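Each chain is listed here by its residues.
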Amino acid sequence: MHCLGAEYLVSAERAPRQREWRPQIYRKCTDTAWLFLFFLFWTGLVFIMGYSVVAGAAGRLLFGYDSFGNVCGKKNSPVEGAPLSGQDMTLKKHVFFMNSCNLEVKGMRLDRTALCVSSCPEEQLDSLEEVQLFANTSGSFLCVYSLNSSNYTHSPKADSLCPRLPVPPSKSFPLFNRCIPQTPECYSLFASVWINDGDTLHRILSGIMSGRDTILGLCILTLALSLAMMFTFRFITTLLVNIFISLVILGLLFVCGVLWWLYYDYTNDLSIELDTERENMKCVLGFAIVSTGITAVLLVLIFVLRKRIKLTVELFQITNKAISSAPFLLFQPLWTFAILIFFWVLWVAVLLSLGTAGAAQVMEGGQVEYKPLSGIRYMWSYHLIGLIWTSEFILACQQMTIAGAVVTCYFNRSKNDPPARPILSSLSILFFYHQGTVVKGSFLIPVVRLPRIIVMYMQNALKEQQHGALSRYLFRCCYCCFWCLDKYLLHLNQNAYTTTAINGTDFCTSAKDAFKILSKNSSHFTSINCFGDFIIFLGKVLVVCFTVFGGLMAFNYNRAFQVWAVPLLLVAFFAYLVAHSFLSVFETVLDALFLCFAVDLETNDGSSEKPYFMDQEFLSFVKKSNKLNNARARQDEHSLRNDEGTELQAIAR
């Protein structure tokens, strides 16, 4: 089974012997050096985890602490120079933030005094008498520890030592025991202070807080639509595709119409003089312009590719037949998502622990702040690289597992007796032989994305300059180039993983072989494969359209929400992410089948000595697609000859 082609005929003495394709015949460990490098890298991550546990103050993070160096819910040791530190807070397990609705900036930092209290005030307190009554009845003191509760209403220092009135109602956050304000305005301001942002985030978070029930409902709708779309592709027919494309067209047109109607309604609304309404109008206008452009492009593509629907349905039926041999492939996004969530939670916990690794420093008024230790910033950078690389590694493991299962089912001579456990077999091959290949492929993605992030940051920094138009244009071009390279590498990695599952070769060899064989066989139903990917993309668009439409209807009924356009954009992004997670299985299976088909054509000729691995259904589909391509090629050639003849006739005259 040699990769021979007429276009490569050279002298026998100088022609190098081409490497053979060996579907599932020989295995060896690949890219072991990269696996060792990944092990060393994770050794550093484990060291950072251990350092965060030893040097970090997990108690301050989990239980909370006040402004005087006391951890709530435990007995504390005194801090030198802080007279209110070292108190027994065993019964005071909640953190109460004074002036959560009336923050002030003092000395280039936000003044947010925190106290340990036994319970949070669940009702609004409008006077110091009510604050005193709350302290006497609940034993929860909302003023600084140095002021006795009996002096709340008499002490001249009460205004500075007690919270500013009115005290908003609050509830304890279940995990970290913080007293969180319950009114939307106070909640958004409180959250914006925690991440050191300003007024814009204040209004955005207010909209999220006000519409949190609507946002949760839209997320549930997204999950339901994604599941429905996955089952639609699983049992696809020509009628379903036509209905599906019709729904996509109607959804796109309807969402565009609603957005333009909302913009017209905003321009004629008297409340447009409000800043929040004006910002909503700008966001709606941006949504309308972008959605109109996307709709126009998609409608043109649908019109151009409409004649390939029947062949695309047959391709999806072949894809579903491959999935039927390993039905648990549809559940791969679930366990991948679960592993990613576990890793992200661990990563965030370590990051926050690193943030608490600091030395106590006494500030003005006896308050205590914790300054980061030297070298922490370098650990943060290392930890960030670990996040990107490990996340890409987990996703690459899913891609190679799916590709390996497809390869196992495809290169099986007995179609009536499919492999018993193709997914487990693919997983075992991955972990015993090809982890290094996955590590190397997953490393290339962050290497390309990091310069893109740097270019994007520099481009945003140049926006403030008046004479940086040429520089901004060059950075924008560089950003587009890196984006294209990123997308190409994602596709190249997928084909390299499939080739590794077939041949057992290392990453670079697999990528080179995949590129050569796909280029050689690009004439075989490549357009059908692209249209299949386009149909899957339309499925994601349909989920986003219905989710955005539901959000528009829900949010617009109550314009008391402040900046609701940005929460709607976040919901749309979440909808696309969920739809992509569920439908990516079909994309991976489709690409793997195409590469297996190319290898099958390269290694076999359909004779009794070298029969094809593909079944009769796949073979008939290939013949139909080739016949369609040949007919289109003859038609194009005939049209070209007619054009040339017409031109010559005009010259002869």
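As a reminder, the structure under discussion sits directly above these lines.
Here the residue numbering is sequential within each chain, running from 1 through the sequence in written order. Given that the model is predicted, a residue must reach a pLDDT of at least 70 before its local features are reported, and side-chain atom pairs must reach 80 or more before they are shown or counted; all residues, however, enter totals for whole chains, interfaces and linings. Hydrogen atoms and water are omitted, and side-chain values are computed over all heavy atoms in the structure.

1. A short note on the state of the cysteines
Note on terminology: pairs of cysteine sulfur atoms within 2.5 Å are recorded as disulfides. The full count for this structure, using the stated rule, is 3 disulfides. Disulfide pairing is shown between Cys120 and Cys179; the S-S distance is 1.9 Å. Negative torsions about the S-S bond denote left-handed disulfides, and the value of about -80° found for Cys120 with Cys179 makes this one left-handed. In this pair, Cys120 is assigned in the loop between strand 4 (114-117) and helix 3 (128-138) and Cys179 in strand 6 (residues 179-181), connecting sequence segments 59 residues apart. Whether a residue is buried, partly exposed or exposed follows from its accessible area with a 1.4 Å probe, protein chains only, as a fraction of its type maximum: under 20%, in between, or over 50%, in that order. We classify Cys120 as buried; its relative accessible area is 9%. Its relative accessible area of 3% is what places Cys179 among the buried residues. The thiol sulfur of Cys478 is not disulfide-bonded, and the nearest other cysteine sulfur, from Cys481, lies at 6.3 Å. Each helix is a run of DSSP H or I of at least 4 residues and each strand a run of E of at least 2, with the numbering of both proceeding from the N terminus.

2. Quick word on the packing of helix 1 (residues 32-55) against helix 11 (residues 332-355)
The axes used here are C-alpha line fits, helices contributing only the stretch in contact, and every angle between their N-to-C directions lies in the interval 0 to 180 degrees. Contact pair helix 1 / helix 11: the axes reach a minimum separation of 8 Å and the direction vectors enclose 55°. On the basis of their axis angle, the class for helix 1 and helix 11 is oblique. Handedness of the helix 1/helix 11 crossing: left-handed. Taking contact as the criterion, the partners of Trp42, Ile48, Met49, Tyr51 and Ser52 in helix 1 are, on helix 11, Phe343, Leu346, Val350, Ser353 and Leu354. Orientation is classified from the angle alone, with under 35 degrees giving roughly parallel, over 145 giving roughly antiparallel, 65 to 115 giving roughly perpendicular, and any other angle giving oblique. Left-handed describes a crossing in which the near helix is turned anticlockwise from the far one by less than a right angle; the clockwise case is right-handed. Two residues qualify as a contact provided that any one of their heavy atoms is within 4.5 Å of a heavy atom in the partner residue.

3. With respect to the packing of aromatic side chains
Working definition: rings of Phe, Tyr and Trp (its six-membered ring) pair if their centres are within 6.5 Å, and the pair is stacked with planes under 30 degrees apart, edge-to-face with planes over 60 apart, and tilted otherwise. Going through the model one piece at a time under the given rule, you end up with 13 aromatic pairs. Centroid distance Tyr410 to Phe411: 5.0 Å. Interplanar angle 70°. Geometry classified as edge-to-face. Here Tyr410 falls in the buried class, since its relative accessible area comes to 6%. A relative accessible area of 8% means that Phe411 is categorised as buried.

4. A short note on the nonpolar core
Judged by nonpolar contacts, the single largest core of 83 residues is most densely connected at Phe233, Phe244, Tyr410 and Val589. The element that contributes the greatest number of residues to this core is helix 18 (residues 565-603), accounting for 20 residues. Other than its neighbours up to four places away in sequence, Phe244 contacts Met229, Phe233, Ile535, Leu538, Gly539 and Leu542. Put simply, buried Ala, Val, Leu, Ile, Met, Phe, Trp, Tyr and Cys residues joined by side-chain atoms within 4.5 Å make one nonpolar core. Among the nonpolar cores identified, the runner-up in size contains 29 residues, and Phe68, Cys72, Cys120 and Leu128 belong to it.

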